[in-house]
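Fold and geometry: a report
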Amino acid sequence: MHSYTLIAPAKINLYLEIIGDRPDGYHELAMILQSIALADQIDICSISTDIIRINCKHPQVPLDKSNLAYRAAELMAKKFPDAFAQYGGVEITVKKNIPVAAGLAGGSTNAAAVLVGIDLLWNLGLTKSELEELGAILGSDVPFCVSGGTVIATARGEQLSPLPSLDTIYIVLAKYRSLEVSTAWAYTNYRQQFGSSYLRDTENLAARAAAVHSGEIVQAILKQNPVTIAQKMHNDLERVVLPAYPQVLQLRELFATGEGVLGTMMSGSGPTVFALMESEQQAQALKQQVRAAIPDEDLELFVTRTITHGIQVA
Ligand code: ATP
């Protein structure tokens, strides 16, 4: 085969705790990541020149080397020079459905799809863990995006411990199209405001990161209890993003009052806010209720659900 179509799902954070600083300058994190059905489509095919070409109609997505999908292809060419010489370059077409700069790992899941697609195109036969290792070179969320599901992610977010698959939970997502929150800004601000409370010694950092495994939200996931999962959701970055972005806070408050809402939270560094819902019907009703309360065309609303996998070949 000389072309593949891949489905690249977004993620939400059910849990995000900032534990401390790491020697490499990143934060030590304890997160629970969850794949959702909202997904981009990635078409990838071999082209006879040695070029990597990106096509995407979304105005906020770069087409040059700053695109994570481009960087994934470039990494594969560098790691597997013989296959690159044999098969040539690739053309990657991204059909964007996931909002950009939203805390939903849109770029990371595109990169994961390109790793999976090139592995197939070039008949490399890489294992999931080999693909995840390559993903970690590109970004902290990329390894998770390869296999997806429900996962505890520690260290920078690249050390993964899969949890049993969750039964379907319906979700409403809200994001202002023109509102972007830089992930770097969110973490830098968090460090400035709350850095004094960081754990400093390596032993305590590791113990605290490990504690998420026995934490209440993980127990609720193991028991398939969506009510408790929703109650125990947490995101430290809300402490810096919500005060700085009143529109995000307003969405969060509006979601909390909706019928059938089990819990609401910002995903990652935002600004996407999501609500876990009792049923699909109530999710659709909440979407309409929020649309009526905020009739602003800049506000994008989605009804989606949890899924149990990452990148899939269509
Ligand atoms: P994360 O949750 O991993 O922090 P995010 O959802 O907040 O990611 P992205 O959608 O990945 O953020 O976009 C962040 C920035 O990366 C944007 O400013 C965008 O221009 C750039 N970018 C690079 N490659 C891509 C891509 N393939 N898709 C979307 N954005 C991309």
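Residues numbered from 1 in each chain as written. Predicted model: local features only at pLDDT ≥ 70, side-chain atom pairs only at ≥ 80, totals over all residues. Heavy atoms only, no water.

A word on the pattern of salt bridges. All chains considered together, the criterion is met by eleven salt bridges. With a shortest N-O distance of 2.9 Å, E17 and R208 are connected by a salt bridge. Separated by 191 residues along the polypeptide, E17 in strand β1 (residues 3–21) and R208 in helix α7 (residues 202–211) bring together distant segments of the chain. (Salt bridge = Lys/Arg side-chain N within 4 Å of Asp/Glu carboxyl O. Helix = DSSP H or I, 4+ residues; strand = E, 2+ residues; numbered from the N terminus.)

Moving on to the environment of E238. In this structure, E238 sits in helix α10 (residues 238–244). Once the C-alpha coordinates of E238 and G268 are considered, the two residues, 30 residues apart in sequence, prove to be 8.8 Å apart. Apart from residues lying up to four places away in sequence, E238 is in contact with P243, R252, M265 and M266. Only 2.8 Å separates the side chain of E238 from the backbone nitrogen of M266, close enough to count as a polar contact. (Contact = heavy atoms within 4.5 Å. Polar contact = N/O pair within 3.5 Å; in protein donor to acceptor, adjacent residues only side chain to side chain.)

Glancing now at the pairing of strand β2 (residues 27–46). Taking burial as the measure, the 20 residues of β2 include 16 buried ones, the bulk of the element. As judged from the 16 bridges shared by β1 and β2, these two strands associate in the antiparallel manner. Bridge pairing in β2 links L6 to I42. Count of turn residues in the β1/β2 antiparallel hairpin: five residues, of which G25 carries a positive phi of about 95°. The pairing of β2 with strand β5 (residues 150–155) spans six bridges and is classified as antiparallel. Opposite M31, over in β5, you have A153 as the bridge partner. Examined bridge by bridge, β2 and strand β4 (residues 90–95) share six bridges and lie antiparallel to one another. Pairing of I42 across the sheet is with V94, part of β4. (Buried < 20%, exposed > 50% of the residue type's maximum accessible area, 1.4 Å probe, protein only. Pairing = 2+ DSSP bridges.)

Moving on, we get to the site of the ligand. With respect to spatial proximity, 20 residues lie near the ligand, and among them A101, G103, A105, G107 and D141 are the closest. Within the backbone of A105, an N or O atom sits 2.9 Å from an oxygen atom of the ligand. Within the side chain of T183, a nitrogen or oxygen atom sits 3.3 Å from an oxygen atom of the ligand. Per element, the largest residue contribution to the shell around the ligand is four residues, and it comes from helix α3 (residues 106–121). When its residues are assigned to classes, the shell around the ligand shows eight nonpolar, nine polar and three charged. (Near = heavy atom within 4 Å. Nonpolar A, V, L, I, M, F, W, Y, C, P; charged D, E, K, R; others polar.)

Glancing now at helix α4 (residues 128–138). Here α4 has its buried residues at L131, E132, L134, G135 and L138. One side of α4 holds all its buried residues, which, seen down the axis, span an arc of 160°. In α4, those exposed residues whose orientation departs by more than 90 degrees from the buried face are E133 and I137. (Arc of directions from axis to C-beta.)

Turning our attention to the domain arrangement of the protein. For the protein, the domain assignment lists domain 1 (3–165) and domain 2 (170–305). The gap between the C-alpha centroids of domain 1 and domain 2 is 22 Å. Residue-level contacts link 37 residues of domain 1 with 42 residues of domain 2. For the domain 1 and domain 2 pair, buried surface summed over both sides reaches about 3200 Å², with 64% attributable to carbon and sulfur atoms. The interface formed by domain 1 and domain 2 holds two salt bridges in total. Seen at the junction of domain 1 and domain 2, the total is 19 residue pairs in polar contact (both at pLDDT 80 or more). For the side of domain 1 that touches domain 2, the secondary-structure elements that each account for two or more residues are β1, β2 and β5. No other element matches β1, which puts eleven residues into the side of domain 1 that touches domain 2. (Domains from an automatic or database assignment. Buried area = accessible area lost by both parts, 1.4 Å probe.)

In the structure shown here, the tally under the stated rule is zero disulfides. Here C56 is not cross-linked by a disulfide; its sulfur's nearest cysteine counterpart is in C45, at 15 Å. (Disulfide = S-S within 2.5 Å.)

Most often, soluble globular proteins keep nonpolar side chains buried together rather than apart. By size, the foremost hydrophobic cluster in this structure holds 77 residues, and its most contacted members are I44, I92, V114 and L237. Mapping this core onto the domain boundaries places at least three of its residues in each of domain 1 (3–165) and domain 2 (170–305). Not counting residues up to four positions away in its chain, the partners in contact with I92 are I42, D43, I44, I52, R53, I54, N55, A69, A73 and V114. Grouped together as the second largest cluster of nonpolar side chains are 33 residues, I32, I98, I152 and L166 included. (Core = buried A, V, L, I, M, F, W, Y, C linked by side-chain atoms within 4.5 Å.)

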